[in-house]
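Fold and contact review
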Amino acid sequence: MTFFERYFEALDGPDPHSSLELVAEDVHFSIQWAEGADRASRQFVGGSEELRAFIDAGDMRTWAHHILFSGTTGDVEFALGETRFESGERIGTFLTVAQLDADGRMTRYMVARSPAIAFEAGARIDVAAD
């Protein structure tokens, strides 16, 4: 199971704060968040306390993260995915990357999400690895 599979399983589960067990205390993150297909987006940045606050602000009871493609090179993992309602309807597409420490915890985290674009099901993405 990849880091992001574990992370999003915890984040989408009954205790979203359990995802923070996979996050290093000295994490730094940037979340680029667009709710609509217009040009407006918002950036959330910070450390572990701000990430906890971001989780607190979200209402994820009716939707979840679904990874379409992922890859790893060294201590960096990335994933392309979708957020979807329980019905399967796509909410948005996300691209995320994390740098992991020696214990496999996230130290750097960047994600962008937008409903303005979707990737074709079964689209191939070639990844060069170390």
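Going by the structure above, here's the rest.
Here we summarise the structure given alongside this text.

Calculation notes
- Residues numbered from 1 in each chain as written.
- Predicted model: local features only at pLDDT ≥ 70, side-chain atom pairs only at ≥ 80, totals over all residues.
- Heavy atoms only, no water.
- Helix = DSSP H or I, 4+ residues; strand = E, 2+ residues; numbered from the N terminus.
- Polar contact = N/O pair within 3.5 Å; in protein donor to acceptor, adjacent residues only side chain to side chain.
- Contact = heavy atoms within 4.5 Å.
- Pairing = 2+ DSSP bridges.
- Axes fitted to C-alpha atoms, helices over the stretch in contact; angles between N-to-C directions.

Topologically, R113 is positioned in strand β6 (residues 106-114). At 2.6 Å, the side chain of R113 and the backbone oxygen of A34 are in polar contact. With residues near it in sequence (within four places) discarded, R113 still touches Q32, W33, A34, E35, T83, I91, G92, T93 and F94.

As a further point, take the pairing of β6. With 7 bridges joining them, strand β1 (residues 23-33) and β6 adopt parallel strand pairing. From the neighbouring strand, I31 faces β6, where its bridge partner is V111. Inspection of the sheet shows strand β5 (residues 90-100) paired to β6 by 8 bridges, in the antiparallel sense. Its bridge partner lying in β6, V97 is registered against M110. Remark: 5 residues form the turn of the hairpin made by β5 and β6, two consecutive strands paired antiparallel; G104 in that turn has positive phi of roughly 80 degrees.

This part is about the sheet that holds strand β4 (residues 76-85). Read from one edge of the open sheet, 6 strands run β2-β1-β6-β5-β4-β3, paired in mixed fashion. Edge positions in the sheet fall to β2 (42-46) and β3 (63-73), since each has one partner strand and no second. Pairs of neighbouring strands in the sheet enclose a mean axial angle of 15 degrees, with direction left out of account. Pairing analysis gives 10 bridges linking β3 to β4, with the strands arranged antiparallel. Each bridged residue has a counterpart across the sheet, and for W63 the counterpart in β4 is F85. Taken strand by strand, helix α2 (residues 48-57) contacts β1, β2 and β6, and its axis lies near 50 degrees from that of β1.

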